[in-house]
Amino acid sequence: MTERKKLVAGNWKMNGLRADGLALAGELGRRMGSADASDKPRCAMLVCPPATLLASVAAMLAGSGIALGGQDCHPAPKGAFTGDLSAEMLADAGCSHVILGHSERRHGHGESDALVREKVAAARRAGLVPVVCVGETLEQRQAGAAWATVDAQLAASLPERAAEAGELIVAYEPVWAIGSGLAASLEDIAEMHAALRARLGAAVRILYGGSVNPGNAAAILALADVDGALVGGASLDAQAFWSIARSCP
Ligand code: 13P
């Protein structure tokens with residue numbers, strides 16, 4: 001069976017001025033540097049700060065083993081797109097990963113599956129690992145359409161044979177669990193991840209996201225088809241994020 005090292009990723013969203021963002025990154029780097037092997041998380045770690053902090057967090061985390069990611073990118077490599085960032089710019093700032101199709105972009109910025117798919121191609125072009133988010137709304141779950149929604153998002157957001165073309169990470173983030181303090185049940189996560197595994201195959205890492213915290217992380221991360229977590233709020237606190245990473249089996 002393919003070995004998939006678990007990954008705990010922090011999505012800082014639009015949080016972090018220089019002082020607190022650098023203090024957070026510095027504390028994570030310090031812990032990675034000073035922890036005994038037995039105290040270190042068994043998972044890989046990734047942080048995705050706001051774009052204004054990428055270069056300085058990259059410098060701060062250099063050599064720590066903690067990877068850096070962007071939160072979005074434009075499909076084009078460069079051009080007249082005011083306010084946007086290309087995948088190449090993220091790579092140039094030190095990123096190895098980029099979150100794409102987060103529900104806050106799908107719902108808050110009207111991003112379509114087709115646009116997410118172009119962004120996945122852009123990430124690949126720039127050598128970044130795409131972290132593609134999918135997830136149903138509460139209405140869709142209550143209507144019994146959770147899997148149909150996620151399956152349709154996947155089919156339309158991923159380029160042809162995306163799983164074979166290079167490293168790919170998919171994050172299942174039920175919209176109703178994001179920032180609500182109410183994570184999906186272990187049964188619902190296990191069921192969705194099993195369906196995602198059947199669709200995506202053994203090589204793709206499948207993360208769960210939505211109100212992951214130090215109290216629920218161990219049980220979620222122990223599920224067979226959960227290859228890690230995409231953490232929002234709790235990733236803004238070094239101790240909480242570290243504790244989540246430390247709960248990886
Ligand atoms: P919370 O962990 O704050 O629920 O956010 C999850 C998320 O959206 C990560 O991308």
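See the structure above.
Residues numbered from 1 in each chain as written. Predicted model: local features only at pLDDT ≥ 70, side-chain atom pairs only at ≥ 80, totals over all residues. Heavy atoms only, no water.

Caption draft 1: View of the site of the ligand. Around the ligand, 13 residues are found, and the nearest of them are K13, H102, G179, S211 and G233. One nitrogen or oxygen atom from the side chain of E173 is found 2.9 Å from an oxygen atom belonging to the ligand. Here an oxygen atom of the ligand and a backbone polar atom of G179 are 2.6 Å apart. Classifying every residue of the shell around the ligand gives four nonpolar, seven polar and two charged. (Near = heavy atom within 4 Å. Polar contact = N/O pair within 3.5 Å; in protein donor to acceptor, adjacent residues only side chain to side chain. Nonpolar A, V, L, I, M, F, W, Y, C, P; charged D, E, K, R; others polar.)

Caption draft 2: Expanded view of the side chain of S64. For S64, the location among the structural elements is in the loop between α2 (54-61) and β3 (66-70). For S64, the side chain forms a polar contact with the main-chain nitrogen of I66, separated by 3.0 Å. Excluding residues that lie within four positions of it along the chain, S64 makes contacts with G29 and M32. (Helix = DSSP H or I, 4+ residues; strand = E, 2+ residues; numbered from the N terminus. Contact = heavy atoms within 4.5 Å.)

Caption draft 3: Representation of helix α5 (residues 113-125). The first and last C-alpha atoms of α5 sit 18 Å apart over 13 residues, in line with the 18 Å expected at 1.5 Å per residue. Among the residues making up α5, those that are buried are V116, K119, V120, A122 and A123. Buried residues along α5 cover an arc of 160 degrees about the axis, so they all sit on one side. Each element contacted by the buried residues of α5 is listed here: α3 (87-92), β4 (97-100), α4 (103-108), β5 (129-134) and α7 (146-157). Just past α5, the residue G127 takes up positive phi, approximately 80 degrees. (Expected span 1.5 Å × (residues − 1). Buried < 20%, exposed > 50% of the residue type's maximum accessible area, 1.4 Å probe, protein only. Arc of directions from axis to C-beta.)

Caption draft 4: Main features of the nonpolar core. The biggest cluster of nonpolar side chains holds 64 residues, and the ones touching the most others in it are V8, V47 and Y208. The contact partners of V47, leaving out residues within four places of it in the chain, are G10, W12, L28, V57, L61, I66, A67, L68, G69 and F241. Ranked by size, the runner-up nonpolar core spans twelve residues in total, among them I99, C133, L207 and L230. (Core = buried A, V, L, I, M, F, W, Y, C linked by side-chain atoms within 4.5 Å.)

Caption draft 5: Seen up close, the pairing of β4. What you see with β4 is no split at all: H97 and I99 on one side and V98 and L100 on the other are buried throughout. Handedness of the crossover joining β3 and β4 through α3: right-handed. Of the pairings in the sheet, the one linking β4 to β5 comprises four bridges and is parallel in character. When the sheet's bridge partners are listed, V98 is paired in β5 with P130. (Right-handed = clockwise from strand over helix to strand, strands pointing away. Pairing = 2+ DSSP bridges.)

Caption draft 6: Expanded view of the pairing of β5. β5 sits mainly inside the fold: six of its six residues count as buried. Alternating residues of β5 divide into V129, V131 and C133 and P130, V132 and V134, and every residue in both groups is buried. Pairing of β5 with strand β6 (residues 169-172) involves four bridges; the strand directions are parallel. Across the sheet, V134 pairs through a bridge with Y172, a residue of β6.

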